[in-house]
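Geometric and topological summary
Listed here are the chains, written in short residue letters.
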Amino acid sequence: MTIQDILEQSEYELVAGTLEKEITELVYDSRKIVPGCMFVCIKGAVFDGHSCVAQAAAQQAAAVVAERDVEIPEGLTVIRVADTRQALAELSAAWFGHPAEQLKTIGVTGTKGKTTTTYMVKSILESAGIKTGLIGTIEAVIGETHIPAANTTPESYVIQKYFRQMADAGCKACVMEASSQGLMMHRVGGFTFDLGIFTNIEPDHIGPNEHASFEEYMACKGMLFRQCRTGIVNADDAHLEEVIKGHTCEIETFGMRDGADLQAKQLRLVHKPGYLGVAYHVAGLCDFDVEVDVPGKFSVYNSLTAIAICRHFNVPAENMKTALKAAKVKGRIEMVKVSDDFTLMIDYAHNAMSLKSLLETLREYEPGRLVCLFGCGGNRSRLRRYEMGETSGRLADLTIITSDNPRDEEPQAIIDDIKVGIAKTHGAYVEIADRKEAIRYAIKNGRPGDVIVLAGKGHEDYQEIRGVKYPMDERDLIADILREEAAGK
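Residues numbered from 1 in each chain as written. Predicted model: local features only at pLDDT ≥ 70, side-chain atom pairs only at ≥ 80, totals over all residues. Heavy atoms only, no water.

A short note on the packing of aromatic side chains
Two descriptors summarise a pair of aromatic rings, namely the distance from one centre to the other and the angle between the planes of the rings. Throughout the structure, instances matching the rule amount to five aromatic pairs. Aromatic side chains Tyr28 and Tyr157 sit 5.8 Å apart centroid to centroid with 55° between the ring planes, which places their arrangement in the tilted category. Residue Tyr28 is found in the loop between β2 (26–27) and β3 (38–40), and its partner Tyr157 is found in helix α5 (residues 156–168); the two are separated by 129 residues along the sequence. Residue Tyr28 is classed as partly exposed on the basis of its relative accessible area, which comes to 28%. Between Phe191 and Phe193, the ring centres sit 4.7 Å apart and the planes meet at 65°, which makes this aromatic pair edge-to-face. Residues Phe191 and Phe193 agree in their burial class; the two are buried. Within the aromatic cluster, the residues linked to one another by ring pairs are Tyr28, Phe96 and Tyr157. Here the basic side chain of Lys457 rests over the ring of Tyr462, its NZ or CZ set 4.9 Å away from the ring centre. Of note, Lys469 hangs over the ring of Tyr462, and the distance from its end group to the ring centre comes to 4.4 Å. (Phe/Tyr/Trp six-rings, centres within 6.5 Å; stacked < 30°, edge-to-face > 60°. Helix = DSSP H or I, 4+ residues; strand = E, 2+ residues; numbered from the N terminus. Buried < 20%, exposed > 50% of the residue type's maximum accessible area, 1.4 Å probe, protein only. Lys NZ or Arg CZ within 6 Å of the ring centre and 35° of its normal.)

If you want it as structure tokens, here you go:
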């Protein structure tokens, strides 16, 4: 592929050199520069790739793409663009042969519900024989290959590489999480989504190195609806009109209120020994009953969103119902059966907002006691610890304070901060720093009708202590505890 070929869909200025050179690789990490490559200068929060132009020339790169003036070493082709992140997305799409054109692409944005919705969509589509790839917070899934995620929305080059692998593996669709950061940084540039989804929005990700304001956060979410053919949006969200302002796509709505194109009606909670769920009737564009093995109103929204998406693939209602019943997301209200007397679940809730939403949802099931086990990460805001302590103290009948990822801090210091928040309430608590022993305490002291939630770790399978990640999966801890208790330890 020549430089001219890869630039086919990009607006650019040739500053120096020729476009006729063949390129061997597309690179945006200066550590991966190889002879004959095209190096795209990306300015990050800490490092600016524009400082590596001389290095690229010395390592015999064929071309450099920059968004500002750079010194031009002899023999190097230099391309000027308005935005190198947008250019990287377009160049990556061309480099991998525009694989999105071989897939039905689905982008899901919103504050909450993205991960669960994408797994529900994958479950439904594959139940109908539509092989589907997934890119998200937990992992990328390409056929039988599972690749752990570093970011909710990877860099554009990685997304296009995954699309290429999906198309080559026979996938017909890809469902992915489109974070506000991913949209803002053009990681999902270079192609048009077939379907763009808006789940909901609340003030989040606002601060240094994220978004300057809630308005900017909403505007970044809204970028998706100028980059998709059909937008499917939550009619019940108070900020909907602001999010989709300036949209260029067709719009469909879902929600619980009258007037939405797809509606959830006749909602009822399902509570059985060791099991919590929700059931409702789908009305409007579809007409059938659904039961989901995940509790709460947000489970209605997540599953209704998935139905709204999969309707576009002509998936029969029976497939949707069966797949939604079976869909499971690791670490997202993941129920683990340990007793017929009480319900135990694992959830990723790791800030006050998500913990509040979770505990309020579980309260609706009128448990005998609501028990919340959690810790907080080290090297992170102490305010989060106070807030989570206060939230659990106010909403749970018993809080079990333990360790999460202490990182470089002492676990007891983090626990003491959590207790500052709990002290603002009348909530009962115990503190057990060792997470396995804390879980053992929760299980051994479970009472009939209790709902016990292990919060904070979710899908994570490690504990980070002083720069080292040690294996620790709560599912394994639970299995070990049950085995040890059965053996009389």
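So, the packing of helix α14 (residues 435–444) against helix α15 (residues 474–486)
One way to put it is that α14 packs onto α15 with a least axis distance of 10 Å and a crossing angle of 60°. By the angle between their axes, α14 is oblique relative to α15. α15 is crossed by α14, and the crossing has right-handed handedness. Of the residues in α15, those touching α14 at Arg435, Lys436, Ile439, Arg440, Ile443 and Lys444 are Glu474, Leu477, Ile478, Asp480, Ile481, Leu482, Glu484 and Glu485. Along the lines of polarity and charge, the residues of the contact of α14 with α15 split into six nonpolar, no polar and eight charged. (Axes fitted to C-alpha atoms, helices over the stretch in contact; angles between N-to-C directions. Parallel < 35°, antiparallel > 145°, perpendicular 65-115°, else oblique. Left-handed = near helix turned anticlockwise from the far one by under 90°. Contact = heavy atoms within 4.5 Å. Nonpolar A, V, L, I, M, F, W, Y, C, P; charged D, E, K, R; others polar.)

Any link to function would need more than the numbers given here.
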